[in-house]
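# Tertiary structure, described
Here is how the chains run, residue by residue.
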Amino acid sequence: MRKPEKILLWTMVASIFVLGQAWPNVKLGSQTSSGLKSDCAGNLMRLSMDEALAMGNQLEVDAINVTQHILLTPSLAAQCGYSMESDPWGNTRIYASLLGCYVDNTDDTTFTVGLKLQLYRSGSSEVAHHEVVQTCSYTRWASKEILCDRNYMEASTRMAAHGPQAEAKGQVRKDDSQINAIPGATGDVHGIWKVTFFTPEPVAMVLKEAEQAGYSARTTSTRLVMRSPYNTAETYFEDVAGVPMEAFRVSVYHKAQQGLNVVNLAAACPRGGVLFTEDLISWHVPRRVSPLTEGKVKIVEMHMGINGQRLDKAQMAARGYTLATTDFHIVQEIPVGSPDGYYKSHAPDYQYHITYNIEPMLEVLWRAENNQDDTRYKVLFPISTPPMARPPHTDDRTIPEDRVFTVYVGTFLHDVELRNITFSTGVLTVEESNARGLTVEEHILSNGTIVFALHVAFASDVVLKHNPEPLATTYVLPLVFGFIIHPEATTFAHSVELQASLHDVVLPTLTGTCDENQFYVSVKYGNQGHNFQTMVGTKDLTPELAQKLKFLDNGTHFSIEVPYADEVTAFELITTSSIRARLDVLLWDPRNQWVLGDLYLACNFPLLTTRCHPNGTISSLAVKVESVPNLNPSWLTLKDQSCRPVFSDDRFAHFTFSAGSCGTTRTFFDHYMLYENEISLYYNDKVARKSPIDPDYRQIISCYYIVNDTQAIAFSSKPRRYDPKAEIGSGHLMVQMRLAQDHSYNYFYQAEDYPVEKHLRQPLYFEVELQSSDPHLELILENCWATRQEDRTSVPSWDIIVDSCENPDDKYATIFHPVVMDDRVSVPSHIKRFSMKMFTFIQDDKVLQDEIYVHCDVVVCDQTSPAEGVCQGQCTHSGRKPSHKGERRQSIGSTHQKISSGPIALTSQMS
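One numbering rule holds for all chains: residues counted from 1, following each sequence as written. A pLDDT threshold of at least 70 governs which residues receive local features in this predicted model, and a stricter bar of 80 or more applies before side-chain atom pairs are shown or counted, although totals over entire chains, interfaces and linings include all residues. Hydrogen atoms and water are omitted, and side-chain values are computed over all heavy atoms in the structure.

## A word on the overall build of the protein chain
So the rule is basically this: Working definition: helices are DSSP H or I runs of at least four residues, strands are E runs of at least two. Numbering for both runs from the N terminus. To sort residues, take the accessible area from a 1.4 Å probe on protein chains only and compare it with the maximum for the residue type: under 20% means buried, over 50% means exposed, and anything in between is partly exposed. Between two residues, a contact is recorded if the distance between any of their heavy atoms is within 4.5 Å.
Assigned secondary structure in the protein chain consists of 7 helices and 69 strands. Counting all 911 residues of the protein chain, 47% fall into the buried class. For the protein chain, restricting intrachain contacts to residue pairs at least 6 apart in sequence, the fraction spanning at least 24 positions comes to 64%.

## Looking at the sheet that holds strand β65 (residues 831–837)
Filter applied, for reference: Note on pairing: two strands pair once DSSP finds at least 2 bridges between them. Geometry is summarised by axes, namely lines fitted to C-alpha atoms with helices restricted to the contacting stretch, and by angles between N-to-C directions that run from 0 to 180 degrees.
Strand order in the open sheet made by the 4 strands is β58-β60-β65-β64, with antiparallel pairing throughout. If you trace the sheet from one side to the other, it starts and ends with β58 (734–740) and β64 (815–817), each paired once. For this sheet, the mean inter-axis angle between neighbouring strands, taken without regard to orientation, is 25°. Relative to strand β60 (residues 763–771), β58 runs antiparallel, the two sharing 7 bridges. Across the sheet, the residue bridging to Val735 is Leu770, located in β60.

## Regarding the side chain of Asp504
The condition that has to hold: Between N or O atoms, a polar contact is any pair within 3.5 Å; within protein, one atom must be a potential hydrogen donor and the other a potential acceptor, and residues adjacent in sequence are included only when both atoms are from side chains.
Residue placement: Asp504 occurs in the loop between β41 (490–502) and β42 (509–514). Residue classification places Asp504 among the buried residues on the basis of a relative accessible area of 12%. A polar atom in the side chain of Asp504 sits 2.4 Å from the side chain of Tyr475. Each residue touching Asp504, except ones within four places of it in the same chain, is listed here: Arg403, Leu471, Thr473, Tyr475 and Asn527.

## Focus: the pairing of strand β27 (residues 342–346)
Sheet topology note: the β27/strand β28 (residues 353–358) ladder contains 5 bridges and is antiparallel. Across the sheet, residue Tyr342 finds its bridge partner in β28, namely Asn357. Two successive antiparallel strands, β27 and β28, enclose a turn made up of 6 residues, where Asp349 displays a positive phi of approximately 55°.

## Some points on the packing of aromatic side chains
For the record, the criterion: Between 30 and 60 degrees the pair is tilted, below 30 it is stacked and above 60 it is edge-to-face, where a pair is any two Phe, Tyr or Trp rings, Trp via its six-membered ring, whose centres lie within 6.5 Å. To sit over a ring, a charge needs its Lys NZ or Arg CZ within 6 Å of the ring centre and within 35 degrees of the ring normal.
Tallying each qualifying case throughout the model produces 29 aromatic pairs. Here Phe111 and Trp141 contribute two aromatic rings whose centre-to-centre distance is 6.0 Å and whose plane-to-plane angle is 70°, an arrangement assigned as edge-to-face. One end of the pair, Phe111, is in strand β9 (residues 110–121); the other, Trp141, is in the loop between β10 (127–137) and β11 (144–148), with 30 residues separating them in the sequence. Under the relative-accessibility criterion, Trp141 is labelled buried at 12%. Each ring, one from Phe412 and one from Phe452, has its centre 5.9 Å from the other, and the planes form 50°; the classification is tilted. Placement of the pair is Phe412 in strand β34 (residues 404–412) and Phe452 in strand β38 (residues 450–457), with a sequence separation of 40 residues. Each member of the pair, Phe412 together with Phe452, is buried. Members of the aromatic cluster, each reached through a chain of ring pairs, are Tyr352, Phe412, Phe452, Phe481, Phe483 and Phe492. Lying over the aromatic face of Tyr152, Arg227 brings its terminal NZ or CZ to 5.9 Å of the ring centre.

## Regarding the nonpolar core
Looking at soluble globular proteins, one finds that nonpolar side chains tend to be buried together. Note the following rule: Grouping buried Ala, Val, Leu, Ile, Met, Phe, Trp, Tyr and Cys residues that are joined through side-chain atoms within 4.5 Å yields what is termed a nonpolar core.
Among the nonpolar cores identified, the biggest contains 86 residues, and Tyr377, Phe423, Leu479 and Phe481 are the most heavily contacted of them. When neighbours within four sequence positions are excluded, Phe481 is seen to be in contact with Val407, Val409, Leu418, Asn420, Ile421, Leu454, Phe492, Ala493, His494 and Val496. Residues Leu510, Val536, Ile560 and Ala659 belong to the second largest nonpolar core, which totals 52 residues.

## Details of unusual backbone geometry
With an omega of 0°, the peptide bond running from Thr199 to Pro200 counts as cis. Tracing the backbone through its elements, the reader meets Pro200 in the loop between β14 (191–198) and β15 (202–206). At the junction of Tyr754 and Pro755, the peptide bond is cis and its omega measures out at 0° in the coordinates. For Pro755, the location among the structural elements is in the loop between β58 and β59 (756–758). The phi dihedral of Ala241 falls on the positive side, at around 55°, and the residue is not glycine. Topologically, Ala241 is positioned in the loop between β18 (236–240) and β19 (243–256). Using a relative accessible area of 39% as the deciding quantity, one classes Ala241 as partly exposed. Look at Asp803: it is not a glycine, yet its phi comes out positive at around 50°.

## Some details on the layout of surface pockets
Our working definition: Both cavities and pockets are sets of points on a 1 Å grid over the protein atoms alone; in a cavity a 1.4 Å probe fits but cannot get out, in a pocket the set is open with protein on both sides within 12 Å along at least five of seven lines, and lining residues sit with an atom within 4 Å of a point. Grid points are joined across faces, edges and corners, and a volume is the space filled by probe spheres set on the points. Any residue outside Ala, Val, Leu, Ile, Met, Phe, Trp, Tyr, Cys, Pro, Asp, Glu, Lys and Arg is labelled polar, Gly included; the first ten of those are nonpolar and the last four are charged.
Taken as a whole, the second largest pocket encloses approximately 810 Å³ of empty space. Lining the second largest pocket are 44 residues, with Glu85, Asp87, Asn91, Arg93 and Tyr342 positioned closest to its centre. For the lining of the second largest pocket, the residue count by class is 15 nonpolar, 16 polar and 13 charged.

## Topic: the pattern of salt bridges
Any two side chains of opposite charge can pair, given that their charged atoms come close. Applicable threshold: When a carboxyl oxygen of Asp or Glu lies within 4 Å of a side-chain nitrogen of Lys or Arg, that pair is called a salt bridge.
The final tally for this structure, using the stated rule, is 34 salt bridges. The shortest N-O distance in the salt bridge between Asp39 and Arg46 comes to 2.9 Å. When sorted by exposure, Asp39 lands in the same class as Arg46, which is buried. Residue Arg580 is joined to Glu572 by a salt bridge in which the shortest nitrogen-to-oxygen separation is 2.9 Å. Overall, the relative accessible area of 30% leaves Arg580 in the partly exposed class. We classify Glu572 as partly exposed; its relative accessible area is 27%.

## Quick word on the sheet that holds strand β47 (residues 557–563)
Across the sheet, which stays open at both edges, the 4 strands sit in the order β42-β43-β47-β46 with antiparallel pairing between neighbours. Each edge of the sheet is formed by a strand with only one pairing partner; in this case those strands are β42 and β46 (552–553). Of the strand pairs in this sheet, β46 and β47 are connected by 2 bridges, and their pairing is antiparallel. What sits directly across from Asp553, in β47, is Phe558.

## What about the state of the cysteines?
How we decide: A pair of sulfur atoms, both from cysteines and within 2.5 Å, is called a disulfide here.
Enumeration according to the criterion identifies 9 disulfides in this entry. Covalent S-S linkage joins Cys40 and Cys136, the inter-sulfur distance amounting to 1.9 Å. The disulfide joining Cys40 to Cys136 has a torsion of about -90° about its S-S bond and is therefore left-handed. Taken together, the positions of Cys40 in strand β2 (residues 36–41) and Cys136 in strand β10 put the pair 96 residues apart, joining distant regions of the chain. Judged by its relative accessible area of 29%, Cys40 falls in the partly exposed class. In this structure Cys136 comes out as buried when scored by relative accessible area, which is 1%. The disulfide bridge from Cys643 ends at Cys662, spanning 1.9 Å between sulfur atoms. Between Cys643 and Cys662, the disulfide has an S-S torsion of -90° and is therefore left-handed.

## What to know about the confidence of the model for the protein chain
Let me state the cut-off plainly: Here pLDDT means the predictor's own confidence in every residue, given as a number from 0 to 100.
A residue-level look at the protein chain finds 85% of positions with pLDDT of 70 or above and a mean pLDDT of 84. Note on residues 1–32: pLDDT under 50 across the span, and 86 contacts to partners over four residues away in sequence or across chains. Throughout residues 878–892 the model reports pLDDT below 50, and contacts reaching past four residues in sequence, or to other chains, amount to 29 contacts.

## Some thoughts on the environment of Leu549
By the secondary structure assignment, Leu549 is in the loop between α7 (543–548) and β46. Overall, Leu549 belongs to the buried group, its relative accessible area being 0%. Spatially, the C-alpha atoms of Leu549 and Ile560 are 5.4 Å apart, while their sequence positions differ by 11 residues.

## Points about the pairing of strand β17 (residues 223–229)
Counting buried residues along β17, 7 of its 7 residues qualify, which places the element largely inside the surrounding structure. The two faces of β17 match: Arg223, Val225, Arg227 and Pro229 on one face and Leu224, Met226 and Ser228 on the other face are all buried. Note that strand β12 (residues 152–158) and β17 share 7 bridges and pair antiparallel. Bridged to Thr157 within β17 is Leu224. Sheet topology places strand β16 (residues 216–219) next to β17; 4 bridges connect them, and they run antiparallel. The residue bridging Ala217 from the neighbouring strand is Met226, located in β17.

Laid out in structure tokens, this is it:
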């Protein structure tokens, strides 16, 4: 459980390489072990812990005091001389002052520091314990030592063996006044009585009060030490040569054998003095710190260091560091981006920025000219540059002809995680995006930065499309990438809109035929689907009209059947035995008013307009044709204008009359008798011309009667001797597994490409295919696993698919991809596709660079038989307890096959 009041609690990010490690109890010296290293850095002990040990855990530190373990809370650490620095990835350094609390001090020359580290694994009660014991030797004590660490200031001074000698040096004076007497103290009781702080007004405290206020005052065999946390009530700020300094000045009342001594101590630590450019950090420290030195002093030694450790001149030159003095300052110059520091991500105002962080050290030895006393001044000073804007760069690598949007967004530091993407249809996590075929990839560049890639097919539902012209499509992909910065969980976003155009529109095509009674029209959809309207004749194809015309749609085509006499057709020409009818079909885009396709289909249909009945009755049909657009068929008459249609509508007029009436004429020749009449439009008072150019309408009626003719007809048939039969044959079912080059499954690695090299966690796309033309068969992946050897039974192995489902114990779960019918896939049930992340095996905590082989057991199921076991479908039985690999459950109408793929090699090269 996280305890916020304790110091040195740090949340790290888990690493896949240490998930399975045991957590030993170890005692360490200066040797490196299990990610821990301790060493001595002058008057400090330094403990380093790398991210491989700390990531994914919370850290708690105890100081070891003989047999006791004292938890170092933030206040106690500052009071006792302990500090910690950690970067966002868990690389941690702990510093302990050799004059700090709980340090075994032998004659101020040998110091033993003991620490106990407790790592609390997140979400678990498991605790890992590490004990570190480091012994340091330090004898180069100056008369005065000033230490400025991250969370405290420390001052110590050498105590003279005799009072007069100390007084002669101006460090210790004898004070026998009553005010400085220790109440009730006996002559053999020695130690610190009280301290007086000057802020600048004097504030006196007895030792217990000072300790309760967070200060530490103690004596060693030769020195007196005073320590103060920063920003306490008794510290104050002072400007020294333009650099803000935080300081304290105290008088420590100490009773020794010679009597009561008063020791004056002071410490001053820089709280600023840093100048920044885009490429350089300049840290200025006063050349002479007035609160610490009196009179004239000279610099005897001056050293630069990083993370508490001194650097020599060669090391400084290699890193481009400089250490120099001016009239008033000691100046360190550090190039931004030096490998001793690190970059950190930030998101002020939800915009991506970075800072560069480094902890330089300055160590100076001043020597007073009047008394040759030395003052050693050591400062550990963490520096963080102001946030530098780094707007993400968008690299649109879309090749429109590939019909896939490809965009790279970056670069980011590796404390940035892509959490989600907002598409036009909503927000999807990275995992959800990959599951829907919107492939998200993370690429680590050679400098350690990260670029995220996204691949989205034009056909995806998250892509918007419109047509600026009939044959062109513009595809638009609006995106908002949502990022999170660890460990602060700060969020920011980056918007991108991708656009691509293609002349890829396939317009619908129309074809038509006729038989003796109706038109047959078929419309093949283009690649824009159903986004058009249809006009048949002069009418829109409404649902009611579609039902009347027997509209059928199979997804790729639609068809209609139109009787030639339907109201949507037009009549062009009529003869005694046929009628020429035309059907007009128009496909159009109502939004843009574009004509997408048309069909003008004209056919001759058999039509007997005149019937001559044996009893002498004649019936005739008159038809309105296009050439007489204003014709009303009810206006038509025979030669005798009193003979009008017995029935008429807006397209037809039907006449029935006897051969000897309505002005019918009769003529004899050879063996025939001919009756003739005429259907006409007579303009008169009731029927007036609408236009001077209105055409005439005239249709001749003729009936022939054959005299003395006899007709004979006959019919015969021949029965079939036998019914056709099919022969029974046999064959083999073939199954193959292939590795696709990408998520499109259009291109596959060939035999000469193996072994295929892949990066860690790079997706691997597998396709398993049953080679059969039987649509009633279905292929099911029962079990799939990976091995280091080509032998499918070798160990170790790792399950990928268990009982037709993804392995629930795999952090990077297998993803099944849908298979749809296309130019290559005729029976989708014959193919299964899945993807997994490239991995490698770990042995004795070492990553193996071996090849991996993938094996599968598949089941071929007969869909016409009852479905049992695996044949119920791919991962439709996940609630059942998985069986062991190799166990077989027989299903009705199924057969088993074994297939393998590989090898696939892990490559460490970063793209």
